[in-house]
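Analysis of the macromolecular model
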Amino acid sequence: MNKHLARPCILGGILGSLALAGCDRIPGKPQLSDRWEPPDKITDFNTLYVTNCRACHSAGPELAPSLAMNNPMYLAVIPRDTLRHIVATGVKGSLMPGFADSQGGDLNDPQVDSLVNGIYGLAKNQEKPADLPPYSAPLGDPGRGAAAYNTYCASCHGQDGNGSPKGGSIVDHDYLHLVTDQYLRSVTIAGRPELGMPNYQQYVANKPMSADEIADVVAWIASHRDRRNPDMAASSTQSTNPNHE
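Because the structure is predicted, anything quoted here is derived from the model rather than measured. (Residues numbered from 1 in each chain as written. Predicted model: local features only at pLDDT ≥ 70, side-chain atom pairs only at ≥ 80, totals over all residues. Heavy atoms only, no water.)

The helix and strand tally for the protein chain stands at 13 helices and 0 strands. Secondary structure elements of the protein chain, listed N to C terminal, follow the sequence α-α-α-α-α-α-α-α-α-α-α-α-α. Residue pairs at least 24 apart in sequence account for 67% of intrachain contacts in the protein chain once pairs closer than 6 positions are excluded. Total accessible area on the protein chain is roughly 13900 Å²; 55% of this is exposed by carbon and sulfur atoms. (Helix = DSSP H or I, 4+ residues; strand = E, 2+ residues; numbered from the N terminus. Contact = heavy atoms within 4.5 Å. Areas by Shrake-Rupley, 256 points an atom, 1.4 Å probe, with all protein chains shown as cover.)

Structure representation (structure tokens):
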């Protein structure tokens, strides 16, 4: 055989053998595990937060439906084990789901821990106020709450709570049936600075709200939920359970 004809035949035989053997045997072929990280191995905080939390809680310039997780006052008041419980199991009677796989979610324990640790890192180097009220407490007295509301809240939310040019309604029935009493308390304490809402120390200059005034104002707001549908109101009352937001 002509040696010049033999070389293409040999090369063709090699290529044919590789084709019969399949592409998986080609040296250097990337494996599936090289293309992306398995979902249960992802522990990077930014990836987990953007995927699971940012749409509702933000942490950047965009507004979001619920408390921003870089709110330093919120992170000062909520205990770490309570935040972890909320991330893992969700909040009954609200739109907050449980993310732990034990609750039907997609995250394992290391991923839940990464989220919690990373959230606290969003407001690092923040000092806790000396007079910080407790994260959770029973509802106060709605009658006293009406007076406290007029002192601290009415200038933005209106005398009857139905809103003003400076702030929206906080007695709207649809709103009150989407949030728990603990959420109302958290917002009263921590504010929502991304919306221009101050925290409990800033409503009135040099006159921070006392723990009793906070509990009373929350009771007054929550009482508007009861006036329309007591059954729905009962499902939203979580103020005495520190593991509900």
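That was the structure; now back to the text.
All right, on to the confidence of the model for the protein chain then. The pLDDT averaged across the protein chain works out to 85; a share of 77% of its residues lies at or above 70. Within the model, the stretch residues 230–240 combines pLDDT values under 50 with 27 contacts to residues more than four positions away or in other chains. (pLDDT = per-residue confidence, 0-100.)

On to the environment of glutamine 103. Along the chain, the position of glutamine 103 falls in the loop between helix H6 (80–89) and helix H7 (109–121). C-alpha of glutamine 103 to C-alpha of glycine 90: the two residues are 13 residues apart in sequence and 8.6 Å apart in space. Not counting residues up to four positions away in its chain, the partners in contact with glutamine 103 are Ala88 and Thr89.

Applying the stated rule across the entire model yields 2 aromatic pairs. Plain terms: the ring middles of phenylalanine 45 and tyrosine 49 are 5.5 Å apart, the flat faces sit at 45° to each other, and that makes the pair tilted. On the criterion of helical spacing, the pair formed by phenylalanine 45 and tyrosine 49 is a turn pair, its members being 4 residues apart in helix H3 (residues 45–52). Residue phenylalanine 45 is classed as buried on the basis of its relative accessible area, which comes to 16%. The cationic tip of arginine 80 hangs over the ring face of tyrosine 120; the distance from NZ or CZ to the ring centre is 4.3 Å. (Phe/Tyr/Trp six-rings, centres within 6.5 Å; stacked < 30°, edge-to-face > 60°. Buried < 20%, exposed > 50% of the residue type's maximum accessible area, 1.4 Å probe, protein only. Lys NZ or Arg CZ within 6 Å of the ring centre and 35° of its normal.)

Moving on, we come to the nonpolar core. One finds Tyr74, Leu83 and Leu115 to be the most contacted residues of the largest nonpolar core, which totals 49 residues. Elements that contribute at least two residues to this core include exactly H3, helix H5 (72–77), H6, H7, helix H8 (142–152), helix H11 (181–190) and helix H12 (211–226). Those residues in contact with leucine 83, other than ones at most four positions away along the chain, are Tyr74, Ile78, Val116, Ile119 and Tyr120. (Core = buried A, V, L, I, M, F, W, Y, C linked by side-chain atoms within 4.5 Å.)

Looking at the secondary structure, you find methionine 209 in the loop between H11 and H12. Classification of methionine 209 as buried rests on a relative accessible area of 4%. Sequence-distant contacts of methionine 209, defined by excluding residues within four places in its chain, comprise Tyr152, Thr188, Tyr200, Tyr203, Ile214 and Val217.

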